[in-house]
Amino acid sequence: MEKEEKIVVVLLVMTILSLAVAYFTYLPGELTGDIQPLTDSSELGEKVFVEGTVLSKRITYTGDHLILEVDHNTQPIAIFVPNNRGAEEINEKISTNDQVRVTGILDEYEGELEIIVQKANDVKIF
């Protein structure tokens, strides 16, 4: 390998490392601390998390979405996992009575609050 080729390889590696550092530095969500626990003052559209026990789970008849019901401060909250955001994967690994931490966007459906999961990694089992 000639000197110019070595320089190009070193510059390429440095570029890739710089991009990796920038990605993890500016990654929104957990790494930047803008995810808040769900409270009475949480607003629709806010990224929140809840921790609790899975009370029930079911797949919707249309769309194959997953709906979990999680006990949060002695009150259940619905967790909606779209089929293209890991519903099948989460359904296979989670069971009723599991302790979970769920992160997602706070929304309202038919007058009730729900959390919409953005990716399968947002549902963690303890």
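Residues numbered from 1 in each chain as written. Predicted model: local features only at pLDDT ≥ 70, side-chain atom pairs only at ≥ 80, totals over all residues. Heavy atoms only, no water.

### Describing the overall build of the chain
Moving on, step 1. Helix and strand content of the chain: 2 helices and 7 strands.
Moving on, step 2. Moving toward the C terminus, one meets the helices and strands of the chain in the order α-β-β-β-β-α-β-β-β.
Moving on, step 3. Since a compact globule built from 126 residues should have a radius of gyration of about 14 Å, the 20 Å found for the chain marks it as more spread out than a globular shape.
Moving on, step 4. For the chain, the spread of C-alpha atoms along the principal axes amounts to about 65 × 30 × 25 Å.
Moving on, step 5. Residues classed as buried in the chain amount to 29% of the 126 residues present. (Helix = DSSP H or I, 4+ residues; strand = E, 2+ residues; numbered from the N terminus. Rg over C-alpha atoms; globule rule 2.2 N^0.38 Å. Buried < 20%, exposed > 50% of the residue type's maximum accessible area, 1.4 Å probe, protein only.)

### Overview of unusual backbone geometry
Moving on, step 1. The phi dihedral of Thr-74 falls on the positive side, at around 60°, and the residue is not glycine.
Moving on, step 2. Mapped onto the secondary structure, Thr-74 falls in the loop between β3 (66–72) and β4 (75–81).
Moving on, step 3. Residues other than glycine seldom take positive phi values, yet Asn-97 does so here, at roughly 80°.
Moving on, step 4. Relative to the helices and strands, Asn-97 is located in the loop between α2 (87–93) and β5 (99–109).

### Some details on a nonpolar patch on the surface
Moving on, step 1. On the surface, Met-1, Val-9, Val-13 and Leu-17 cluster together into a nonpolar patch covering about 410 Å² of accessible area.
Moving on, step 2. Relative to the helices and strands, Val-9 is located in helix α1 (residues 3–26). (Patch = residues over 30% accessible without salt bridge, like charges linked within 9 Å, V, L, I, M, F, W, Y side chains within 5 Å. Areas by Shrake-Rupley, 256 points an atom, 1.4 Å probe, with all protein chains shown as cover. Salt bridge = Lys/Arg side-chain N within 4 Å of Asp/Glu carboxyl O.)

### Some details on the nonpolar core
Moving on, step 1. Of all hydrophobic cores here, the largest spans 20 residues; its most connected members are Ile-79, Val-102 and Ile-115.
Moving on, step 2. Those elements that provide at least two residues to this core are β2 (47–59), β3, β4, α2 and β5.
Moving on, step 3. Dropping the residues within four chain positions of it, Val-102 is found in contact with Val-48, Phe-49, Val-50, Ile-79, Ile-115, Val-117, Asp-122 and Val-123. (Core = buried A, V, L, I, M, F, W, Y, C linked by side-chain atoms within 4.5 Å. Contact = heavy atoms within 4.5 Å.)

### Some remarks on a negative patch on the surface
Moving on, step 1. A contiguous patch of negative charge, built from Asp-64, Glu-88, Glu-89 and Glu-92, is present on the exposed surface.
Moving on, step 2. Mapping Glu-92 onto the fold places it in helix α2.
Moving on, step 3. On the basis of relative accessibility, which here comes to 63%, the residue Glu-92 falls in the exposed class. (Lys, Arg positive; Asp, Glu negative; His and termini not counted. Charge placed at Lys NZ, Arg CZ, Asp CG, Glu CD.)

### Let's talk about the packing of aromatic side chains
Moving on, step 1. This model, assessed by the stated rule, comprises 0 aromatic pairs.
Moving on, step 2. A cation over a ring is seen here: Arg-101 above Phe-49, with NZ or CZ 3.7 Å from the ring centre. (Phe/Tyr/Trp six-rings, centres within 6.5 Å; stacked < 30°, edge-to-face > 60°. Lys NZ or Arg CZ within 6 Å of the ring centre and 35° of its normal.)

### A look at the pattern of salt bridges
Moving on, step 1. Tallying each qualifying case throughout the model produces 2 salt bridges.
Moving on, step 2. For the salt bridge of Arg-101 with Glu-51, the shortest nitrogen-to-oxygen distance reads 3.5 Å. Here Glu-51 lies in strand β2 and Arg-101 lies in strand β5, a separation of 50 residues in the sequence.
Moving on, step 3. Note on Glu-51: relative accessible area 41%, which makes it partly exposed.

### As for the side chain of Thr-60
Moving on, step 1. One can find Thr-60 in the loop between β2 and β3.
Moving on, step 2. The class for Thr-60 is buried, based on a relative accessible area of 13%.
Moving on, step 3. There is a polar contact of 2.9 Å between the side chain of Thr-60 and the backbone oxygen of Thr-62.
Moving on, step 4. For Thr-60, the residues in contact, after removing those within four places along its chain, are His-65 and Ile-67. (Polar contact = N/O pair within 3.5 Å; in protein donor to acceptor, adjacent residues only side chain to side chain.)

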